[in-house]
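A look at the structure
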Amino acid sequence: MHGNLTSASAAFLAQVRGKTLLHLAAWEGVAGTVSALAALGACVHRADRHGAQPLPFAVCRGREGAVRALLAAGAAADARTTKGDSPLHVAAQHGQATI
């Protein structure tokens, strides 16, 4: 997927139902794509139309590789969801003890 992206397209990612490609890659746990999108300029802090950042998406699905890639790219480990939950809270709520 990321082989065809340019830095310009990564900087202005089209949203799919309010989610960026980075959100979708985090949700699916595609760590290589998460890293590539971040390297091309995708913002790891960008919230979707509901205020959700990519990190909680990866956390709630137990996508450890994507979580590591987001953190390596500068995602804030202490960022809060719109409900005020930290990534640790999100992991606990979704039974993701390994995250």
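Residues numbered from 1 in each chain as written. Predicted model: local features only at pLDDT ≥ 70, side-chain atom pairs only at ≥ 80, totals over all residues. Heavy atoms only, no water.

Some remarks on the packing of aromatic side chains
Throughout the structure, instances matching the rule amount to one aromatic pair. Plain terms: the ring middles of W27 and F57 are 5.8 Å apart, the flat faces sit at 70° to each other, and that makes the pair edge-to-face. Taken together, the positions of W27 in helix α2 (residues 21–28) and F57 in helix α4 (residues 54–60) put the pair 30 residues apart, joining distant regions of the chain. Residue W27 is classed as partly exposed on the basis of its relative accessible area, which comes to 31%. (Phe/Tyr/Trp six-rings, centres within 6.5 Å; stacked < 30°, edge-to-face > 60°. Helix = DSSP H or I, 4+ residues; strand = E, 2+ residues; numbered from the N terminus. Buried < 20%, exposed > 50% of the residue type's maximum accessible area, 1.4 Å probe, protein only.)

Re the layout of surface pockets
If you add up the space inside the largest pocket, you get close to 330 Å³. Taken together, 17 residues form the lining of the largest pocket, with A52, P56, T81, V90 and H94 sitting closest to its centre. Contributing elements (two or more residues each) for the lining of the largest pocket: α4 and α6 (87–93). Broken down by element, the lining of the largest pocket gets its largest block of residues, three residues, from α4. Residue classes in the lining of the largest pocket are distributed as six nonpolar, seven polar and four charged. (1 Å grid on protein atoms, 1.4 Å probe; cavity = no way out; pocket = protein on both sides within 12 Å on 5 of 7 lines; lining within 4 Å. Points joined across faces, edges and corners; volume = space filled by probe spheres on them. Nonpolar A, V, L, I, M, F, W, Y, C, P; charged D, E, K, R; others polar.)

Overview of the packing of helix α3 (residues 31–39) against helix α5 (residues 64–72)
Axis separation between α3 and α5 bottoms out at 8 Å; the angle between their running directions is 15°. With respect to α5, the axis of α3 lies roughly parallel. The crossing of α3 and α5 is right-handed. Two secondary-structure elements touch here, α3 through A31, V34 and S35 and α5 through G65, A66, A69 and L70. (Axes fitted to C-alpha atoms, helices over the stretch in contact; angles between N-to-C directions. Parallel < 35°, antiparallel > 145°, perpendicular 65-115°, else oblique. Left-handed = near helix turned anticlockwise from the far one by under 90°. Contact = heavy atoms within 4.5 Å.)

Points about the pattern of salt bridges
Tallied over the full model, the rule gives two salt bridges. Linking E64 and R68 is a salt bridge whose minimum nitrogen-to-oxygen distance equals 2.9 Å. With a gap of four residues between them, E64 and R68 both fall in helix α5, about one helical turn apart. Relative accessible area serves as the criterion here: at 56%, R68 is assigned to the exposed category. (Salt bridge = Lys/Arg side-chain N within 4 Å of Asp/Glu carboxyl O.)

Topic: the nonpolar core
L22, V34, V44, L55, A58, V59 and L70 are the most contacted members of the largest nonpolar core, which totals 20 residues. The dominant element in this core, judged by the number of residues it contributes, is α4, at five residues. In this structure L70 touches L22, A26, V34, V44, P54, L55, A58 and A75, once residues within four positions along its chain are discounted. (Core = buried A, V, L, I, M, F, W, Y, C linked by side-chain atoms within 4.5 Å.)

A few points about the packing of α2 against α3
Look at α2 against α3: their axes get within 8 Å of each other, and the N-to-C directions meet at 155°. In terms of orientation, α2 and α3 fall into the roughly antiparallel class. Crossing of α2 against α3: the hand is left-handed. Across the interface between the two elements, L21, L22, A25 and A26 from α2 touch T33, V34 and L37 from α3. Partitioning the contact of α2 with α3 into residue classes produces six nonpolar, one polar and no charged.

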